[in-house]
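# Remarks on the overall topology
Residues per chain are reported as follows:
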Amino acid sequence: MNYKRLEIYTWWTCNQKCTYCMEYPNMQQAWNKKVTKYDILKKLIKYKKDWYNHVTYLWWEPFIHDVFLDSLKIWKKLWYKILVTTNCTTLHIDNQASKFLPFIDELFLSVEAISVEDQQKISRTKNYVNWEWVFKNIKKYWKWTLLKANIVITQDNKNKLFNLVEFLEANWIKNIAITYPDIAYKYYWKKYVLENISPTYTECITEIEKLVKFWEEKEMIIKVVDFPFCVFPKDKIERYIKLTDDYDYQTRLKITHKEDLLDRWETSPRMRKNWKKCKDCKYKKICWGPSIHYEKLYWLDEINCIKN
Ligand code: SF4
C-alpha cells in the first residue's frame, strides 16, 4: 500500500507561547474556532476514500484539545498510523499519558530546554515539563515505534545544544532533529527576532560541530534542518547535506519520480528561497537557500555560491 500522509489539526491553541513559535500569531486569531468530532470524522472519511493511511498532528498542542482523544480512537479504528508532535506538558502526568500513548505510533517530542528557568523563558509561561516523568511514562505506556526529538535552536538555548542532545541520548532518545527556527518576521519584528529567536547560521553550525564526534560515537540519527548548504564546514559539506530535509526531498523525488505536493519553483519550502548569489551554485537544484527573512537580520555574507 502506498504511503500517504495527512496533516490534521484538532484545534488552533497551545498552552505555551514559545519565543520562536511561527503559529502564535494565528493562534490568537483562531482561539474561539472549535473543531468537533464530526469535523474530524468528515475529514477522516474523505481521505480514507483516497487511501490515506498516515496521519500527523503537527501544530499547536494536541493533548490539550477536547476532541483529541476521541479523534485518536477514531483514526485507530480505521487503521491509520498516527504521528503526534508534542511539547510534553501532558505526557509527564501519569493518568494522562496512560490515556493517550497507547493510540500513538510515532512520537515527536519538542525539547528546547531542560531546566525550569530555561523552559519558562522559552515557552513564555509558568509551565514546567518534568522530563524524567515523561520518559518514565513513555517507557510505561507506549508501544515504541518511532520516537524522535526536535530541538529548535534559539538565542536562549544555542549555547546549551550539546547538553540538550547529551541529555536526550542519556534518556535513550537517539533520533534528533536540530532545526533552525522559522523567522516569523512579519509578526515579531527585527529587534525581537534578533534578541529571542534567530542566531546566525554560523553560530548554530559552531555549536552543531561540537556534537558531531559525540553523535557518531553514540550512533545517533541526526537531522540538521533548514540550513543552507554553504554554511556547512567545507570539509564536511557532503556529509552534512545528507542530514538535511532538502536532500531527503530530492532523494524522495528520485524514488517516487513524481512531484510531491511541493513544487519548489512555485512555493518557497519552509520560508526559504534561493537568491541571486545562488545562481551559479552547484547545489542550487537541491538546496532550498536561506530563510527569506535572513537578509533583513544578518545580510547574506554567510551565503556564498559553491562552484565546484
Ligand atoms: S549559494 Fe545558495 S544554493 Fe548554494 S548552497 Fe548557498 S544558499 Fe544554497
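Residues numbered from 1 in each chain as written. Predicted model: local features only at pLDDT ≥ 70, side-chain atom pairs only at ≥ 80, totals over all residues. Heavy atoms only, no water.

This brings us to the overall build of the protein. What the protein contains, in helices and strands, is 13 helices and 7 strands. Taken over 308 residues, the protein has a buried fraction of 54%. Considering only residue pairs separated by 6 or more positions, the protein has 72% of its internal contacts joining residues 24 or more positions apart. Working note: accessible area of the protein is about 15900 Å², and carbon and sulfur atoms make up 57% of it. (Helix = DSSP H or I, 4+ residues; strand = E, 2+ residues; numbered from the N terminus. Buried < 20%, exposed > 50% of the residue type's maximum accessible area, 1.4 Å probe, protein only. Contact = heavy atoms within 4.5 Å. Areas by Shrake-Rupley, 256 points an atom, 1.4 Å probe, with all protein chains shown as cover.)

Tallied over the full model, the rule gives 20 aromatic pairs. Measuring from ring centre to ring centre gives 5.9 Å for Phe-135 and Phe-167, while their planes differ by 50 degrees; the resulting arrangement is tilted. You can see Phe-135 sitting in helix H6 (residues 131-141) and its partner Phe-167 sitting in helix H7 (residues 161-170), a full 32 residues away along the chain. Take Phe-135: its relative accessible area is 3%, and that puts it in the buried class. Among the aromatic residues, ring-to-ring pairing joins Tyr-180, Tyr-201, Phe-227, Tyr-294 and Tyr-298 into one connected group. Over the ring of Trp-275 we find Lys-273, and its NZ or CZ is 4.5 Å from the ring centre. (Phe/Tyr/Trp six-rings, centres within 6.5 Å; stacked < 30°, edge-to-face > 60°. Lys NZ or Arg CZ within 6 Å of the ring centre and 35° of its normal.)

Our next topic: unusual backbone geometry. A positive phi angle, near 65 degrees, is found at Cys-88, a position not held by glycine. One can find Cys-88 in the loop between strand S3 (81-86) and helix H4 (94-100). Residue Glu-219 is not a glycine yet carries a positive backbone phi of 50 degrees. Along the chain, Glu-219 turns up in the loop between helix H10 (212-217) and strand S7 (221-225).

The environment of the ligand is made up of 13 residues, and the closest members are Cys-230, Asn-274, Cys-278, Cys-281 and Cys-287. Taken together, the residues of the shell around the ligand sort by class into 9 nonpolar, 3 polar and 1 charged. (Near = heavy atom within 4 Å. Nonpolar A, V, L, I, M, F, W, Y, C, P; charged D, E, K, R; others polar.)

Moving on to the packing of helix H2 (residues 37-49) against helix H3 (residues 68-77). H3 packs onto H2 with a crossing angle of 25 degrees between their chain directions and a minimal axis gap of 10 Å. Of the possible angle classes, the one that applies to H2 and H3 is roughly parallel. Crossing handedness for the pair H2 and H3: right-handed. Packed against H2, whose contacting residues are Lys-37, Ile-40, Leu-41 and Leu-44, the element H3 presents Asp-70, Ser-71, Ile-74 and Trp-75 at the interface. Its residues assigned to classes, the contact of H2 with H3 comprises 5 nonpolar, 1 polar and 2 charged. (Axes fitted to C-alpha atoms, helices over the stretch in contact; angles between N-to-C directions. Parallel < 35°, antiparallel > 145°, perpendicular 65-115°, else oblique. Left-handed = near helix turned anticlockwise from the far one by under 90°.)

With that settled, consider the side chain of Arg-272. Its place among the elements puts Arg-272 in the loop between helix H12 (245-256) and helix H13 (294-298). On the basis of relative accessibility, which here comes to 2%, the residue Arg-272 falls in the buried class. Within polar-contact distance, the side chain of Arg-272 engages the side chain of Asp-246 at 2.8 Å. Apart from residues no more than four positions distant in its own chain, Arg-272 is found in contact with Asp-226, Phe-227, Pro-228, Asp-246, Cys-287, Trp-288, Gly-289, Pro-290, Ser-291 and Ile-292. (Polar contact = N/O pair within 3.5 Å; in protein donor to acceptor, adjacent residues only side chain to side chain.)

Attention now goes to the environment of Tyr-249. Tracing the backbone through its elements, the reader meets Tyr-249 in helix H12. Tyr-249 sits in the buried class, given a relative accessible area of 4%. In the structure, Tyr-249 is positioned 37 residues away from Ile-286 in sequence and 8.5 Å away in space, judged by C-alpha atoms.

Turning to the environment of Trp-172, a few remarks are in order. The residue Trp-172 is located in the loop between H7 and strand S6 (175-179) in this model. In sequence terms Trp-172 and Phe-135 are 37 residues apart; their C-alpha atoms lie 9.0 Å from each other.

Here we take up the pattern of salt bridges. Applying the stated criterion to the full structure yields 18 salt bridges. Here Asp-105 makes a salt bridge to Lys-143, at a shortest N to O gap of 3.8 Å. Taken as a pair, Asp-105 in the loop between H4 and strand S4 (106-110) and Lys-143 in the loop between H6 and strand S5 (146-152) lie far apart in primary sequence, 38 residues in all. Judged by relative accessible area, which is 5%, Asp-105 ranks as buried. (Salt bridge = Lys/Arg side-chain N within 4 Å of Asp/Glu carboxyl O.)

Of all 5 residues making up S6, 5 are buried, and the element is well covered by its neighbours. Taking every second residue as pointing to the same face, both faces of S6 are buried, with Asn-175, Ala-177 and Thr-179 on one and Ile-176 and Ile-178 on the other. With 4 bridges joining them, S5 and S6 adopt parallel strand pairing. Counted as the bridge partner of Val-152 is Thr-179 from S6. Chirality of the crossover, the property in question, places the unit of S5, H7 and S6 among those that are right-handed. Taken together, the 5 bridges between S6 and S7 define a ladder with parallel strand orientation. (Pairing = 2+ DSSP bridges. Right-handed = clockwise from strand over helix to strand, strands pointing away.)

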